[in-house]
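Observations on chain architecture
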Amino acid sequence: MKRTVTHITFLIVLSLSLIACATSGADPNTTPGGDPAMSGEGSMSGEQPDQQGEQPQSDSPQTEGADMAPNPDEPVASDEPAESPTAEELAGRLETLTEAFTETRNTVEVLNRMRFSGYIQAQYVNDERSVDVLPTPTTTSNRDQFSVRRARVKFTYQVSPTARFILQPDVTSSGVTLKDGYVELTEPWTTWRNTLLAGQFNWPFGFEIGYSSSSREMPERSLIVRTLFPGERDRGVQLTGRGFAERFLYQIALVNGTGTSQSFDFNKRKDLVGRVGVNFGPLDIGVSGYRGEDLVSNTANPRGVTFDKEREGVDFQLVTPIPGLGFRGEYITGKERGADVDGWYGYLIQNLGTRHQLVVRVDEYDSNTDVNNNAIRTLGGAYIFHWDANSKVMIAYEEPELEINDPDDNVFTLRYQYAF
Amino acid sequence: MKRILSTLLLAALAVPAFAQKAVTVKGSDTMVIMNARIAEAFMKKNPGTTIQVTGGGSGVGLAGLINGVTDIAASSRPIKTSEVDKLKQRFQTRGHTVPIARDGLAVYLNTSNPVRELSMPQLKEIYTGKVTNWKQVGGKDAPIVLYSRENSSGTYQYFKDTVLLQKDYSPRAQTLQGTAAVVNAVSKDPNGIGYGGAAYAKGIKFAKVRKGATGPAFEPNLTTVRSGQYPITRFLYFYLRSAPKGTAKQFIDYALSPEGQRLVSAVGYFPVK
């Protein structure tokens, strides 16, 4: 984007320079003291007979032929040398050009405040659960298919050094949804750069929620994150800041608690969610918490039933002294609609040079810790080939299994991503 | 299913990793002349090696390091926490830092400007837009025309952090691409002021700079930069994803050798060794 703006600026400046050249040398009959802008325009038209007469037609092979024969009705070029523009004329033209350049520069500066980035993920999925069944209007039991998993464009407008506007829609085969839409206000008085977000944004909880899908090394987030934080986003306000030589990060948000799948918040109470993170060089550690309520419909109670919605989590990211080797992990526990739940995930990532990545992930989710044999553990692996700075290919295989058996539900994903 | 998987995995692993033909150095426009000189001398001394040097700004170089499109990012500012985070996420590394030179960040004035000295507080007031006339800092009665760099520039960021104390630039500051463009603009504008590396001092003069409101003012030179008397100094860095090896290591070793550091001095910067 910036390069494009630079090119546009360059072209505009080049055009203005060409105009300047044309206006300063082409019209010797400009009246001294006349409107320099108007005289400049006249000399650009190319329709004035005196201009045509000045062209050295006889020297150009293109002038040969009947069409270019001298017309006795047209004025003949004078042998007298052309008068140079006066200093006043040149000053006037320069002033005009300066004004035009200033206007253009102002426009370019406004354009330069806009940034857009995005990515498209096109994929093929082969899922062992797939069956050939005639579809309903909204669902299908066949999961083996090509699809556009994500197609996102992120617009950022830097209103001022302390205010930013961010909008990120997601356009997929199933429709258009708003992912991010918020205003960001940053205080300029301290080195913490405390920032207030208002709108729709990621829940500030753990690591995987906020880690972009364009960067993630597996096709989807771990099962516990997908289950407890569906859509990864909510609407509300968030305060965030970084201090102590940027080694400490805090994020705290007040949100509806309904996520983004619902258009409304069903209860009056708002949920509180936050994370603090500390950096110890190669190791980052975060602690997160969530407190809220969930209003759930119930046939016995028309006003619904309210459950406590609680989550606590701890996460870490470690880069090791072994070149290209890193580990990540997160443990989350809490209450979901009356049940005690917990789960975790762990990543091992090995970079091989700048283009190849091997990834292993294990994740587990127990939807009720008081009930035996209901946890789901998924072992997954991926190979990622970074074709260039913009595109990569991911080949992933995941094998979920229950504590008591291993149903046929393995998933293979081949994904191509282009980001800009 | 397993057959499909095995075939695709084999196909993927068979994709050839393109052999790296050259070591690429990308980033700071401030450093581009210095880097090119060192690279030329290095390649002359080591036939068969290729060092490609390009500019674009420190931010661009560091983004290239994060994206894997450059081997060495040249930066005139320290790497940011957010950039280290991205390196960690993409390459599982915190990066490797090599200070390659020191720079006295010069304040450029037109040669016809009678002002000779400026204090750091005055520079801050000038560039944040509180002082708008040369008369207010001992010069003639004329508006101050501010020339600055694009915000991807490490020089822009360093000047903002060190001189403006993280305050924002005046909206009147004109953004130019590259230190050479700033020098050129100031050399043609009697009321202009700019900033940038001391290596680009053609057709302009340096303002002497004093740290506080009172006290002696200094021009950037080897003595004043090394002694710390000149108040706006910084390191110029090479950043890599990991400790250098192969040709990249040879190149960096050469840049830090007495011969390489002489080239650093020859283009107007100051040696680190």
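Residues numbered from 1 in each chain as written. Chains lettered and ligands numbered in written order. Predicted model: local features only at pLDDT ≥ 70, side-chain atom pairs only at ≥ 80, totals over all residues. Heavy atoms only, no water.

All names here are of chain A. In this sheet, strand E3 (residues 163–172) lies alongside strand E2 (residues 145–160) in antiparallel orientation, the contact comprising six bridges. In the sheet register, threonine 156 faces E3, and the bridge partner there is isoleucine 166. What sits between the antiparallel neighbours E2 and E3 is a turn of two residues. Sheet analysis places E3 next to strand E4 (residues 175–186), joined by ten bridges and oriented antiparallel. Bridge pairing links phenylalanine 165 to valine 183 in E4. The antiparallel pairing of E3 with E4 creates a hairpin that spans two residues between the two strands. (Pairing = 2+ DSSP bridges. Helix = DSSP H or I, 4+ residues; strand = E, 2+ residues; numbered from the N terminus.)

Taken together, the contact pairs 30 residues of chain B with 39 residues of chain A. Summing the contributions of chain B and of chain A, the shared interface buries around 3,000 Å²; its carbon and sulfur component is 56%. Here chain B is connected to chain A by two salt bridges. Across the pair lysine 88 of chain B and aspartate 284 of chain A runs a salt bridge, and its minimum N-O distance is 2.6 Å. Taken together, chain B and chain A are joined by nine residue pairs in polar contact (both at pLDDT 80 or more). (Contact = heavy atoms within 4.5 Å. Buried area = accessible area lost by both parts, 1.4 Å probe. Salt bridge = Lys/Arg side-chain N within 4 Å of Asp/Glu carboxyl O. Polar contact = N/O pair within 3.5 Å; in protein donor to acceptor, adjacent residues only side chain to side chain.)

All names here are of chain B. Each assigned domain of chain B is listed here: domain 1 (22–102 + 235–271) and domain 2 (106–227). Between domain 1 and domain 2, the C-alpha centre-to-centre distance is 27 Å. Between domain 1 and domain 2, the residue contacts involve 18 residues of the former and 18 residues of the latter. Around 1,300 Å² of area is buried between domain 1 and domain 2 when both sides are counted, 57% of it from carbon and sulfur atoms. Broken down residue by residue, the surface that domain 1 buries against domain 2 is led by Asp29, Thr30 and Phe270, which jointly contribute 36%. On the surface where domain 1 and domain 2 come into contact, there are one salt bridge. At the boundary of domain 1 with domain 2, the tally comes to three residue pairs in polar contact (both at pLDDT 80 or more). Elements that contribute at least two residues to the side of domain 1 that touches domain 2 include exactly helix H2 (32–45) and helix H3 (58–67). Per element, the largest residue contribution to the side of domain 1 that touches domain 2 is three residues, and it comes from H3. (Domains from an automatic or database assignment.)

Our focus in this paragraph is a negative patch on the surface. Residues and elements named next belong to chain A. A surface patch of like charges, here negative, comprises Glu128, Glu401, Asp406 and Asp408. With respect to the helices and strands, aspartate 406 occurs in the loop between strand E15 (391–402) and strand E16 (411–419). On the basis of relative accessibility, which here comes to 37%, the residue aspartate 406 falls in the partly exposed class. (Patch = residues over 30% accessible without salt bridge, like charges linked within 9 Å, V, L, I, M, F, W, Y side chains within 5 Å. Areas by Shrake-Rupley, 256 points an atom, 1.4 Å probe, with all protein chains shown as cover. Lys, Arg positive; Asp, Glu negative; His and termini not counted. Charge placed at Lys NZ, Arg CZ, Asp CG, Glu CD. Buried < 20%, exposed > 50% of the residue type's maximum accessible area, 1.4 Å probe, protein only.)

Here we come to the packing of aromatic side chains. Ring pairs (aromatic) are described by centroid distance and by the angle formed between their planes. If you walk through the whole model with that rule in mind, you get 26 aromatic pairs over all chains. Taken together, a centroid distance of 5.6 Å and an interplanar angle of 90° make the contact between tyrosine 345 of chain A and tyrosine 347 of chain A edge-to-face. Look at tyrosine 347 of chain A and you get buried, because its relative accessible area is 4%. An angle of 25° between the planes, with centres 6.2 Å apart, marks the rings of tyrosine 108 of chain B and phenylalanine 206 of chain B as stacked. (Phe/Tyr/Trp six-rings, centres within 6.5 Å; stacked < 30°, edge-to-face > 60°.)

A word on the confidence of the model for chain B. Residue and element names in this part refer to chain B. The share of residues in chain B with pLDDT of 70 or more is 92%, and the mean pLDDT across the chain is 89. Per-element mean pLDDT across chain B ranges from 50 in helix H1 (residues 2–14) up to 97 in strand E3 (residues 72–75). Two summary scores accompany this predicted model of the complex, namely pTM at 0.75 and ipTM at 0.73. (pLDDT = per-residue confidence, 0-100.)

All names here are of chain B. Running from N to C, H3 and helix H4 (residues 81–91) cross one another at 20°; their axes reach a closest spacing of 9 Å. For the element pair H3 / H4, the angle class is roughly parallel. By crossing handedness, the relation of H3 to H4 is classed as left-handed. Facing H3, whose interface residues are Leu62, Leu65 and Ile66, H4 presents Glu83, Lys86, Leu87, Arg90 and Phe91. (Axes fitted to C-alpha atoms, helices over the stretch in contact; angles between N-to-C directions. Parallel < 35°, antiparallel > 145°, perpendicular 65-115°, else oblique. Left-handed = near helix turned anticlockwise from the far one by under 90°.)

This part is about the pattern of salt bridges. Residues and elements named next belong to chain A. Counting across every chain of the model gives 33 salt bridges over all chains. In this structure, the salt-bridge partner of arginine 221 is glutamate 232, at a minimum N-O distance of 3.3 Å. With arginine 221 in the loop between strand E5 (195–202) and helix H5 (223–228) and glutamate 232 in the loop between H5 and strand E6 (233–243), the pair connects residues that are eleven residues apart, well separated along the chain. Residue lysine 270 is joined to aspartate 265 by a salt bridge in which the shortest nitrogen-to-oxygen separation is 2.5 Å. Look at lysine 270 and you get partly exposed, because its relative accessible area is 35%. Sharing partners across several salt bridges, the network here consists of Arg149, Arg150, Glu220 and Arg415.

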